[in-house]
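Read off the chains here:
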Amino acid sequence: MPKRIETLVLHDSSTPILGDIQKGGSVVVTTIDTLLNQARAHSLWPLTFGLACCAIEMMSTVASRFDLARFGSEAFRATPRQADVMIIAGRLSKKMAPVLRQIYDQMPEPKWVISMGACASSGGVYNNYAIVQGADQVVPVDVYVPGCPPSPDALIYAILKLQEKIKKRKFNKIIELTPRQLEETVV
């Protein structure tokens, strides 16, 4: 005699049932860390910081052929106050390094950096006095994209790796919510 498997569905009168499918009765149990990390990882807003030929490859990732929007990063921002991922695409000159640092400092926390191309990652073929030998000398870099120039596929892979890194992030800061002390006014 074959075993019979029965499904027991618990619901109340407000939960609609359509055939064998119960709608609206799902329960999700997770931690705040996981919830925030999932939201942050899949809603990255990159900052356009194209310095050289790698910028063309960076721009092509949002075109219809590669479509970076599939991964939650379609809204490229032109202002650092609305971005959380800086993509450094191209060679970084020593004259541009203070500007890069200033823009990085203007980005809100949490913020991440992707170094795209051999020039941004290590100076590339430009081993001279005018080019910074790696963007990590100016800002902390989270993901390096190799190549000269790297393909749009490589940048998409780097964004996926950054998403994995964001999902593993732990929040170890405890925010204390204390009431403000009102200053006494002297009359």
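Scroll up to find the structure this text is about.
Keep in mind it's a predicted model, so treat the numbers as computed, not measured.

Student: Pulling in residues and values, what's your account of unusual backbone geometry?
Tutor: Note the cis peptide between Glu109 and Pro110, where omega equals -10°. Relative to the assigned elements, Pro110 resides in the loop between helix 3 (97-106) and strand 5 (112-116). At the junction of Cys148 and Pro149, the peptide bond is cis and its omega measures out at -20° in the coordinates. Along the polypeptide, Pro149 turns up in the loop between strand 6 (143-145) and helix 5 (152-167). For Asp67, which is not glycine, the phi torsion reads 50° and is therefore positive. Checked against the element boundaries, Asp67 lands in the loop between helix 2 (54-60) and strand 4 (85-89). Judged by relative accessible area, which is 29%, Asp67 ranks as partly exposed.

Student: So, helix 5: which residues are in play, and what are the values?
Tutor: Between its terminal C-alpha atoms helix 5 stretches 23 Å, which fits the 22 Å expected from 16 residues at 1.5 Å a residue. As for helix 5, its buried residues are in contact with helix 1 (32-41), helix 2, strand 4, strand 5 and strand 6.

Student: Please give an account of the packing of aromatic side chains that cites residues and values.
Tutor: Summed over all chains, the structure comprises zero aromatic pairs. The cationic tip of Arg77 hangs over the ring face of Trp45; the distance from NZ or CZ to the ring centre is 4.4 Å. Over the aromatic face of Tyr104 sits the side chain of Lys111, whose NZ or CZ is 4.2 Å from the ring centroid.

Student: An account of empty space enclosed by the protein is needed here, citing residue identities and associated values.
Tutor: Here the structure, examined in full by the defined rule, presents one cavity of 30 Å³ or more. Taken as a whole, the largest cavity spans an internal volume of roughly 30 Å³. Split by residue class, the lining of the largest cavity holds five nonpolar, one polar and no charged.

Reading the values: the criteria
Residues numbered from 1 in each chain as written. Predicted model: local features only at pLDDT ≥ 70, side-chain atom pairs only at ≥ 80, totals over all residues. Heavy atoms only, no water. Helix = DSSP H or I, 4+ residues; strand = E, 2+ residues; numbered from the N terminus. Buried < 20%, exposed > 50% of the residue type's maximum accessible area, 1.4 Å probe, protein only. Expected span 1.5 Å × (residues − 1). Contact = heavy atoms within 4.5 Å. Phe/Tyr/Trp six-rings, centres within 6.5 Å; stacked < 30°, edge-to-face > 60°. Lys NZ or Arg CZ within 6 Å of the ring centre and 35° of its normal. 1 Å grid on protein atoms, 1.4 Å probe; cavity = no way out; pocket = protein on both sides within 12 Å on 5 of 7 lines; lining within 4 Å. Points joined across faces, edges and corners; volume = space filled by probe spheres on them. Nonpolar A, V, L, I, M, F, W, Y, C, P; charged D, E, K, R; others polar.

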